[in-house]
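# Structural overview
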Amino acid sequence: AEALSAAADPPLAIAEVAAELATLAGRLARSGNPNLRGDALTGGILAEGAARATVALVKINLGAAGVSDERLNRAGAALAHAAAALRELRGHQNDP
């Protein structure tokens, strides 16, 4: 159980970084080179997907370990952050 609990930490860290990356992709789409908006959108989609996948790993590992702690909340917050950033990014993809 201890190994499974510890195994949740790396994917949690990835999820949190992916959420920040999705935010950065949104900033790039809004204020960067307009010719790179497609690249920014692609980066945001990949970042949200990485957050979604790694949050699933966190839940699987903690569930198998029988652990319910703040890491579940952090994982959920990271996924919500990444999803919100991607929604915003998609909303700006056609702005001039």
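Above: the structure in question.
Here is a short report on the structure shown in this document. (Residues numbered from 1 in each chain as written. Predicted model: local features only at pLDDT ≥ 70, side-chain atom pairs only at ≥ 80, totals over all residues. Heavy atoms only, no water.)

### Comments concerning the nonpolar core
Within the largest apolar cluster, 16 residues are counted, with the highest numbers of intra-cluster contacts made by Ala22, Ala51, Val55, Val58, Ala75 and Ala82. Listed by contribution, the elements that provide at least two residues to this core are helix H2 (9-31), helix H3 (37-65) and helix H4 (70-92). Setting aside residues no more than four positions away along its own chain, alanine 51 makes contact with Ala15, Ala18, Leu79 and Ala82. Core analysis: the second largest hydrophobic core is formed by six residues, Ala29, Ala40, Leu86 and Leu89 among them. (Core = buried A, V, L, I, M, F, W, Y, C linked by side-chain atoms within 4.5 Å. Buried < 20%, exposed > 50% of the residue type's maximum accessible area, 1.4 Å probe, protein only. Helix = DSSP H or I, 4+ residues; strand = E, 2+ residues; numbered from the N terminus. Contact = heavy atoms within 4.5 Å.)

### Things to note about H3
If you check H3, its first and last C-alpha atoms are 42 Å apart, about what 29 residues at 1.5 Å a residue would give, namely 42 Å. Phi turns positive, to about 70 degrees, at glycine 66, one or two residues after H3. (Expected span 1.5 Å × (residues − 1).)

### A short note on the pattern of salt bridges
On inspection of all chains with the given rule, the structure shows five salt bridges. Notably, a salt bridge pairs glutamate 48 with arginine 52, separated by 2.4 Å at the nearest N-O pair. Here glutamate 48 and its partner arginine 52 are both found in helix H3, four residues apart, which amounts to about one turn of the helix. The partly exposed category is assigned to arginine 52, whose relative accessible area is 44%. Note that aspartate 69 and arginine 71 form a salt bridge whose closest N and O atoms lie 2.9 Å from each other. Looking at aspartate 69, the relative accessible area reads 25%, which means it is partly exposed. (Salt bridge = Lys/Arg side-chain N within 4 Å of Asp/Glu carboxyl O.)

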